[in-house]
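Understanding the architecture of this molecule
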Amino acid sequence: MKFLIFAALVAVAVGETAYPEAYPAAYPEANPVAYPEANPAAYPAAYEKSTYEYAPQPYSYSYAVKDEASYNDYSHSESRDDNVVTGSYSVALPDGRTQVVTYKADSYGYVADVKYIGEAKYPEYSPVAYTPSYETPAYTAENPEPTY
């Protein structure tokens, strides 16, 4: 037992000196590259900057879709005067209500007013007892005796 302890101590002492201490990596001296100073006058722009002041372009449009076969019912109208856009759109929701959004967008941001017309109607829940669509198979094979 004393021999094993002595052998372990010797192994620790030898293992500690087996590797030299780490030295920092020696990198070659950095040679900075001297770039010439930027001179914007030496490279004029390939085009002139636009100084156009566009006149306001007013517009107005609207559309509506009502398709009974696919239950699509929606509309949208929008108009612009100077830099103010106003409009509204409506959508028939699946629960029976109609969502109407009226909005205004200008330099102060986008403001929308959302309203719902009607009352939501959901089908009444009626739980149905689960019955499998197949019969449970009857296994007639007997378990054979294992052979070794």
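Heads up: the structure comes first, above all this text.
What comes next concerns the included structure. (Residues numbered from 1 in each chain as written. Predicted model: local features only at pLDDT ≥ 70, side-chain atom pairs only at ≥ 80, totals over all residues. Heavy atoms only, no water.)

**Examining the pairing of strand S4 (residues 98-106)**
Pairing of strand S3 (residues 84-92) with S4 involves 8 bridges; the strand directions are antiparallel. The partner of Ser88 across the bridge, within S4, is Thr102. The turn joining S3 and S4, which pair antiparallel and follow one another in sequence, is formed by 5 residues; a positive phi near 100 degrees is taken by Gly96. Two elements, S4 and strand S5 (residues 109-117), share 9 bridges in a ladder whose sense is antiparallel. Bridge pairing in S5 places Thr102 opposite Asp113. The loop that links S4 with its antiparallel partner S5 comprises 2 residues. (Pairing = 2+ DSSP bridges. Helix = DSSP H or I, 4+ residues; strand = E, 2+ residues; numbered from the N terminus.)

**So, the pattern of salt bridges**
In total, this model carries 3 salt bridges according to the counting rule given. A salt bridge links Asp73 to Lys66, with the nearest nitrogen and oxygen atoms 3.6 Å apart. Owing to a relative accessible area of 33%, Asp73 belongs among the partly exposed residues under this scheme. One salt bridge connects Arg97 with Asp95, and the closest N-O pair in it is separated by 2.9 Å. (Salt bridge = Lys/Arg side-chain N within 4 Å of Asp/Glu carboxyl O. Buried < 20%, exposed > 50% of the residue type's maximum accessible area, 1.4 Å probe, protein only.)

**Things to note about the pairing of S3**
Regular strands place side chains that alternate from one sheet face to the opposite one. As judged from the 8 bridges shared by strand S2 (residues 72-81) and S3, these two strands associate in the antiparallel manner. By the bridge assignment for S3, His76 is matched with Tyr89. Between S2 and S3, which pair antiparallel one after the other, the connecting turn spans 2 residues, and Asp82 there sits at a positive phi close to 60 degrees.

**Overview of unusual backbone geometry**
The backbone of Tyr71 sits at a positive phi, close to 60 degrees, despite the residue not being glycine. With respect to the helices, strands and loops of the structure, Tyr71 is situated in the loop between strand S1 (59-67) and S2. A residue is classified by how much of its surface remains accessible, and Tyr71, at 72% relative accessible area, is exposed. Unusually for a residue other than glycine, Asp82 sits at a positive phi of about 60 degrees. You can see Asp82 is positioned in the loop between S2 and S3. Under the relative-accessibility criterion, Asp82 is labelled partly exposed at 44%.

**Comments concerning the environment of Asp81**
Secondary-structure assignment places Asp81 in strand S2. Residue classification places Asp81 among the exposed positions, given a relative accessible area of 54%. Considering only alpha carbons, one finds Asp81 and Pro56, 25 residues apart in sequence, at a separation of 7.4 Å.

Read these as layout, nothing more, since geometry by itself doesn't imply function.
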